[in-house]
Every structure is written in C-alpha cells, then in structure tokens.
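Below, each chain spelled out in residue letters.
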Amino acid sequence: MTFLHSMTCFTDGIRVLGPARWRCLDGMISVFWDAEGHAGATGYYLSPDPRIVIFFNDVSSHITMSNNGSNASAGYRPMKRAIYVPAGVPLWTSFTSFHRFSHIDIHLHRDRMLKYLTPSVGASVAMSALRRPVEIQDADAIETLAGLLVAQLSTTSKNAVFAESLVGSIVAGLLDTSSQVDDQTNARLTQAQLNKLVSVVNRRADHKMTVGEMAETVGLSESWFANVFKQTTGKTPLQWQLGKRIGVAQTMLAESDLSVAAIAAQLGFSDQAHLTKTFRQVAGETPAAWRRMHRDP
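Since we're looking at a predicted model, the values are computed, not measured.

(A) Examining the overall build of the protein more closely. Summing up its helical and strand segments, the protein has 11 helices and 10 strands in all. For 297 residues, the compact-globule formula gives about 19 Å, and the C-alpha radius of gyration of the protein, at 24 Å, lies well above that figure. With respect to the three principal axes, the spread of C-alpha positions in the protein is 80 × 45 × 30 Å. Across the 297 residues in the protein, those meeting the buried criterion constitute 46%. Pairs at least 24 apart in sequence give 74% of the contacts found in the protein among residues at least 6 apart. Carbon and sulfur atoms provide 53% of the accessible area of the protein, an area that totals close to 14400 Å². Of the side chains in the protein, 28 bear a positive and 25 a negative charge, and the two mean positions are spaced by 4 Å.

Below, the structure is given as structure tokens:
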C-alpha cells in the first residue's frame with residue numbers, strides 16, 4: 001500500500017540534532033528524531049492520519065501537551081512515554097525546561113491499522129480503538145519494540161516483514177481494544193477559541209460559514225472540531241451558527257427601522273420568507289411579532 005503522510009507542524013525553540021532516520025513500509029512511515037527543546041519551546045501538530053509517538057527517555061517533567069489549545073489554561077498535562085494520536089486530533093506541546101530527547105514517530109494509514117487489529121478484535125472494536133487516544137507512561141515493552149524498529153530504519157536491504165511486524169506489535173500493545181463503548185474524549189473548546197469563533201460569526205453574519213471554515217478559524221481539523229464543539233455547546237456547529245445569525249437579526253429588529261426584507265438581505269437569507277421561517281424555528285415567533293414585543297415604546 002503506497003502511503004505518504006501529510007502532517008501540519010509548527011515548532012518554536014525545538015532544534016533537531018541530526019538527520020532524521022526514516023523508512024517507508026506498507027501503509028506506514030516510521031521516522032526517528034534526536035532533538036532538544038528550550039524552556040518555553042512550543043509545537044503544534046495536526047495529521048489527517050493516525051500516528052504513534054514513542055519517547056526513549058522520560059519527558060514527563062519537561063514537556064507538557066494539550067489537545068484543546070495553545071495557552072496555559074487549556075488542559076496541559078505531562079507528556080507520556082508513548083502516545084497514540086487519532087487522525088485529525090490536534091496536539092500542542094510546551095517545554096517547561098530545557099530537555100534533550102529522542103523519539104520515533106509512526107504514521108499509519110487507517111486501513112493498515114485496521115488490518116492489524118480486526119482479525120483479533122473484530123471490525124467494530126478496531127474502529128472504536130482508532131478513535132480513542134492513548135497515553136502511557138509505563139511503556140517498557142513498547143519502548144523495546146520501538147528500539148528494535150529504529151534499528152531497522154536504515155537497514156533497507158533487510159526484508160520489510162520484520163519491521164512491519166514490529167509496528168503491528170506496537171499497535172496491538174498500545175491501542176485500547178477493550179469492547180467498552182467509545183466515549184471519545186472529554187475535550188472542549190477553550191473559551192478563547194469560542195470567543196474567537198463568536199467574533200468571526202458575528203462579523204460575518206451575512207455569510208453562512210461551513211464547518212470547515214469554522215474549524216480553520218480556531219485551528220482545528222474539521223472532524224475534531226465538530227466533535228469537541230458538540231461537547232462544548234450541546235449543538236452542532238451549524239445549529240449554533242444559525243442561532244447566532246438569528247441573534248443578530250433580533251438586535252437589528254430591536255435597534256433599527258430596517259424592514260424584515262432588508263434585514264434578510266443583509267444577513268444573507270434568500271428572502272424575507274426564508275428569514276421568517278428560520279426565525280420562527282429558532283425564536284418561536286415571526287420577526288414582526290418579535291419586534292412588536294421587544295421594541296421600546
């Protein structure tokens with residue numbers, strides 16, 4: 001299976017100490033890095049594919065990580081020795097002190113991971129495991145496998161079956177394949193992210209933003225954004241956005257003499273009837289009735 005990973009990555013204060021060692025295998029790419037980061041160094045990573053990161057020294061007292069945002073109040077926690085990051089899940093990192101470290105990144109195609117897991121646990125459990133992040137500090141066995149894999153990265157003359165079997169063992173040992181119902185995560189949008197989104201939606205009330213545009217506004221992937229948005233607000237992004245647009249319409253009805261048709265045109269509704277129907281669905285009454293009840297005498 002031909003596979004080329006594509007990860008968005010921004011770092012500041014992190015320095016690579018030597019050339020990366022890497023090897024393309026069937027449906028995966030493994031990359032070994034030796035690097036150092038200074039106190040205050042940061043990183044942002046977002047991949048459309050699942051990936052595994054395994055550190056070869058303890059980084060928990062030097063590096064923190066978060067899936068919610070890039071500020072100190074966004075649920076940062078100590079980085080663990082081995083982590084699995086599902087596809088589309090963003091990761092921010094921050095260094096609390098100088099540290100030199102080495103780690104291996106394993107980028108995998110979704111179908112390759114399912115091929116490893118499905119024969120043993122079934123398709124449903126395997127699919128659930130792919131969506132569930134994993135963070136492990138006590139990872140001696142997985143680190144041993146990762147060390148054997150690193151030794152294979154520059155040995156392309158050897159058969160790839162051994163390296164691929166090592167990755168399969170790492171996947172099987174790291175991912176959570178319990179049969180429990182997948183509860184995703186308890187991730188939420190930060191208040192700063194929500195405030196930014198409110199500002200953009202209010203400023204662009206005449207434009208119906210797509211979920212992708214809203215996700216880009218707060219720096220998240222579309223799939224991850226839709227998930228955490230629902231957990232944060234109890235609504236889908238489009239339901240929430242519609243409520244905000246109707247809120248702008250209510251302000252215009254109360255504070256201006258514009259006709260309902262003019263307000264509909266300014267807010268990007270197709271016509272007065274479209275605004276009236278939507279307004280009634282959200283507010284429970286027509287724009288004209290709402291204006292009569294809330295307009296100052």
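(B) A look at empty space enclosed by the protein. Summed over the entire model, instances satisfying the criterion amount to one cavity of 30 Å³ or more. Roughly 70 Å³ of volume is contained in the largest cavity. Every residue along the wall of the largest cavity is listed here: M65, N67, R77, I83, Y84, V85, P86, V89, L91, P133, V134 and E135. Of all the secondary-structure elements, those providing two or more residues to the lining of the largest cavity are strand 7 (82-85) and strand 10 (134-136). A per-class count over the lining of the largest cavity returns nine nonpolar, one polar and two charged.

(C) Focus on the layout of surface pockets. By volume, the largest pocket is sized at about 490 Å³. Contributing to the lining of the largest pocket are 23 residues, with C9, W33, Y45, H103 and D105 lying nearest its centre. Only strand 1 (8-16), strand 3 (28-46), strand 4 (51-55), strand 8 (91-95) and strand 9 (99-108) provide two or more residues apiece to the lining of the largest pocket. Tallied by class, the residues present in the lining of the largest pocket amount to 16 nonpolar, five polar and two charged. There is about 340 Å³ of room inside the second largest pocket. Lining the second largest pocket are 16 residues, and of these P86, A87, L130, R131 and S223 sit closest to its centre. Put simply, the parts of the chain that give the lining of the second largest pocket at least two residues each are helix 2 (123-131) and helix 7 (222-233). Considered class by class, the residues forming the lining of the second largest pocket number nine nonpolar, four polar and three charged.

(D) Seen up close, the side chain of T93. Structurally, the position occupied by T93 is in strand 8. Discounting chain neighbours no more than four positions away, the residues touching T93 are A41, T42, G43, Y45, I63, T64, M65, Y76 and M79.

(E) Representation of the packing of aromatic side chains within the structure. Summed over all chains, the structure comprises eight aromatic pairs. One aromatic cluster is present, built from ring pairs that chain together F10, Y44 and W92. Sitting over the face of the ring of F269, R245 holds its NZ or CZ atom 4.4 Å from the ring centroid.

(F) Summary view of the packing of helix 5 (residues 191-203) against helix 8 (residues 237-255). Relative orientation of the contacting elements helix 5 and helix 8 amounts to 55°, with a least axis distance of 10 Å. Between helix 5 and helix 8, the crossing angle belongs to the class labelled oblique. The chirality of how helix 5 crosses helix 8 is right-handed. Touching L197, V198, V201 and N202 of helix 5 are W240, Q241, K244 and V248, all from helix 8. A per-class count over the contact of helix 5 with helix 8 returns five nonpolar, two polar and one charged.

(G) Region of the structure containing the pairing of strand 2 (residues 21-25). Where strand 2 and strand 3 come together, five bridges link them in antiparallel fashion. What sits directly across from W22, in strand 3, is V31. Linking strand 2 to strand 3, which pair antiparallel, is a turn of two residues; within it G27 sits at a positive phi near 75°.

(H) Focus on the pairing of strand 5 (residues 63-66). Taking every second residue as pointing to the same face, both faces of strand 5 are buried, with I63 and M65 on one and T64 and S66 on the other. Sheet topology places strand 5 next to strand 8; four bridges connect them, and they run antiparallel. Bridge pairing in strand 8 places T64 opposite S94.

(I) Quick peek at the packing of helix 3 (residues 140-153) against helix 4 (residues 160-174). Look at helix 3 against helix 4: their axes get within 9 Å of each other, and the N-to-C directions meet at 155°. In terms of their interaxial angle, helix 3 and helix 4 are classed as roughly antiparallel. In this structure, the crossing between helix 3 and helix 4 has a hand that is left-handed. Together, I142, L145, A146, L148, L149 and Q152 of helix 3 and F162, A163, L166, V167, S169, I170, G173 and L174 of helix 4 make up the contact between the two elements. Grouping the amino acids of the contact of helix 3 with helix 4 by side-chain chemistry returns 11 nonpolar, three polar and no charged.

About the cut-offs
- Residues numbered from 1 in each chain as written.
- Predicted model: local features only at pLDDT ≥ 70, side-chain atom pairs only at ≥ 80, totals over all residues.
- Heavy atoms only, no water.
- Helix = DSSP H or I, 4+ residues; strand = E, 2+ residues; numbered from the N terminus.
- Rg over C-alpha atoms; globule rule 2.2 N^0.38 Å.
- Buried < 20%, exposed > 50% of the residue type's maximum accessible area, 1.4 Å probe, protein only.
- Contact = heavy atoms within 4.5 Å.
- Areas by Shrake-Rupley, 256 points an atom, 1.4 Å probe, with all protein chains shown as cover.
- Lys, Arg positive; Asp, Glu negative; His and termini not counted.
- Charge placed at Lys NZ, Arg CZ, Asp CG, Glu CD.
- 1 Å grid on protein atoms, 1.4 Å probe; cavity = no way out; pocket = protein on both sides within 12 Å on 5 of 7 lines; lining within 4 Å.
- Points joined across faces, edges and corners; volume = space filled by probe spheres on them.
- Nonpolar A, V, L, I, M, F, W, Y, C, P; charged D, E, K, R; others polar.
- Phe/Tyr/Trp six-rings, centres within 6.5 Å; stacked < 30°, edge-to-face > 60°.
- Lys NZ or Arg CZ within 6 Å of the ring centre and 35° of its normal.
- Axes fitted to C-alpha atoms, helices over the stretch in contact; angles between N-to-C directions.
- Parallel < 35°, antiparallel > 145°, perpendicular 65-115°, else oblique.
- Left-handed = near helix turned anticlockwise from the far one by under 90°.
- Pairing = 2+ DSSP bridges.

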